[in-house]
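Spelled out from the first residue to the last, the chains are:
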Amino acid sequence: QVQVVESGGGLVQAGGSLRLSCAASGRTFPTYAMGWFRQAPGKDREFVSAISWNFGSTYYADSVKGRFTISRDNAKTTVYLQMNSLKPEDTAVYYCAAGPASGSNLMQRSSYIYWGQGTQVTVSS
C-alpha cells in the first residue's frame, strides 16, 4: 500500500513560481514511478509530468516543457514539481500519483494505482 499527499498549491500571479510536493509512504515507493496530473474545471484530467523509479527518465507534457521540473528524493520519499513562468492556463487541481509504470506508460493515467487528493493551483492574469 502506498499513500500520497500533495502540498504546495496556492494563488500566484502569471509569471510566478510554485513548488508542489508529494509525500509518499509505503515500502514500495522507491520502485514506483511518480506522476503529476492536473484537472481544470470542465476538463479531463491530463498528464503533466512523471519520473521513473530510478529517476533515470523524466517526461513532460508539451504545454509545460521548459517551465516545469520534476524531481524525487527517495530518501525522503518525496517528489517535487517546480513550476516556473506560470500561466493562467496552468490553473487546475494538481494530483500526484504512484504506480509500477515504466517507459512511455508513465504518461498514462491507467499506469498509476495510488492517487492523492489534489492541491489547487490558481494563476491570476
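Structure's up top.
Just so it is clear, the structure is predicted and the values come from calculations on it, not from any experiment.

**Student:** How would you explain the overall build of the protein chain if you had to name every residue and give the values?
**Tutor:** On a plain count of helices and strands, the protein chain comes out with zero helices and 11 strands. Along the protein chain, helices (α) and strands (β) appear in the sequence β-β-β-β-β-β-β-β-β-β-β when read from the amino end. For the protein chain, the C-alpha radius of gyration of 13 Å lies close to 14 Å, the compact-globule estimate for 125 residues. Along the three orthogonal principal directions, the C-alpha set of the protein chain runs to about 40 × 25 × 25 Å. Burial statistics for the protein chain: of 125 residues in total, 46% are counted as buried. A fraction of 58% describes how many contacts in the protein chain between residues 6 or more apart in sequence connect residues 24 or more apart. A total of about 6300 Å² of accessible surface is found on the protein chain, and carbon and sulfur atoms cover 46% of it. For the protein chain, the distance from the average site of its 11 positive side-chain charges to the average site of its 7 negative ones is 5 Å.

**Student:** So what's going on with the nonpolar core? Which residues, and what values?
**Tutor:** By size, the foremost hydrophobic cluster in this structure holds 38 residues, and its most contacted members are Val4, Met34, Trp36, Phe68, Leu81, Met83 and Tyr94. Here this core takes five residues from strand β9 (residues 92–99), the largest share from any one element.

**Student:** Can you break down the environment of Gly16 residue by residue, with the values?
**Tutor:** Mapped onto the elements, Gly16 comes out in the loop between β2 (10–13) and β3 (18–25). Accessibility expressed as a relative area gives 17% for Gly16, which makes it buried. In this structure the C-alpha to C-alpha distance between Gly16 and Asn84, which are 68 residues apart in sequence, comes to 6.2 Å. In this structure Gly16 touches Met83, Asn84, Ser85 and Leu86, once residues within four positions along its chain are discounted.

**Student:** If you had to explain the pairing of strand β8 (residues 78–83) to someone new, which residues and values would you point to?
**Tutor:** With five of its six residues buried, β8 lies for the most part within the structure. As judged from the six bridges shared by β3 and β8, these two strands associate in the antiparallel manner. Counted as the bridge partner of Leu20 is Leu81 from β8.

**Student:** Outline the packing of aromatic side chains, supporting the account with residue identities and numerical values.
**Tutor:** Applying the stated criterion to the full structure yields five aromatic pairs. Relative to Trp115, the ring of Phe37 lies with its centre 5.1 Å away and its plane at 55 degrees, an arrangement referred to as tilted. Of this pair, Phe37 sits in strand β4 (residues 33–39) while Trp115 sits in strand β10 (residues 114–115), placing them 78 residues apart in sequence. On the basis of relative accessible area, Trp115 is assigned to the partly exposed category, the value being 28%. Considering the side-chain rings of Tyr112 and Trp115, the 6.2 Å spacing of their centres and the 70 degrees angle between planes classify their relative orientation as edge-to-face. You can call Tyr112 buried: its relative accessible area is 5%. Taken together through their ring pairs, the aromatic side chains of Phe37, Phe47, Tyr112 and Trp115 make up a single cluster. It is Arg45 that lies over the ring of Tyr95; its NZ or CZ is 3.6 Å from the centre. The residue whose ring lies beneath Arg45 is Trp115, and the NZ or CZ to ring-centre distance is 5.1 Å.

**Student:** Which residues make up the pairing of β9, and what are the values?
**Tutor:** Across the eight residues of β9, seven count as buried, placing the element largely inside the fold. Relative to β9, β4 runs antiparallel, the two sharing seven bridges. For Gln39, the partnering residue across the bridge sits in β9 and is Val93. Of the pairings in the sheet, the one linking β9 to strand β11 (residues 119–124) comprises three bridges and is antiparallel in character. Bridge pairing in β11 places Ala92 opposite Val121. Across two bridges, β9 lies against β10 in antiparallel orientation. Across the sheet, residue Ala97 finds its bridge partner in β10, namely Trp115.

So, how was this worked out
Residue positions are given per chain, counted from 1 along the sequence in the order it is written. Only residues with pLDDT of at least 70 are given local features in this predicted model, and only at 80 or more are side-chain atom pairs given and counted; all residues enter the totals for whole chains, interfaces and linings. Each side-chain value is derived from all of the structure's non-hydrogen atoms; neither hydrogens nor water enter the calculation. What counts as a helix is a DSSP run of H or I of at least four residues, what counts as a strand is a run of E of at least two, and both are numbered from the N terminus. Each radius of gyration is computed over the set of C-alpha atoms, and the globule rule expresses the reference value as 2.2 Å times the number of residues to the power 0.38. Burial classification: accessible surface area is computed with a 1.4 Å probe over protein chains only, and a residue below 20% of its type maximum counts as buried, one above 50% as exposed, and the rest as partly exposed. In what follows, a contact means two residues having at least one pair of non-hydrogen atoms within 4.5 Å. Calculation of accessible area relied on Shrake-Rupley with a 1.4 Å probe; when residues are assessed, cover is drawn exclusively from the protein chains displayed. Counted charges follow a simple rule, with Lys and Arg positive, Asp and Glu negative, and His plus the chain ends left uncounted. Taken as the charge location is NZ of Lys, CZ of Arg, CG of Asp or CD of Glu. Here, nonpolar core means buried Ala, Val, Leu, Ile, Met, Phe, Trp, Tyr and Cys residues that are tied together by side-chain atoms lying within 4.5 Å of each other. Any two strands between which DSSP finds at least two bridges are classified as paired. We call Phe, Tyr and Trp rings a pair once their centres come within 6.5 Å, taking the six-membered ring for Trp, and we label the pair stacked below 30 degrees between planes, edge-to-face above 60, and tilted otherwise. In this scheme, Lys NZ or Arg CZ marks a charge over a ring once it lies within 6 Å of the ring centre and within 35 degrees of the ring normal.

Read these as geometric descriptors, not functional statements.
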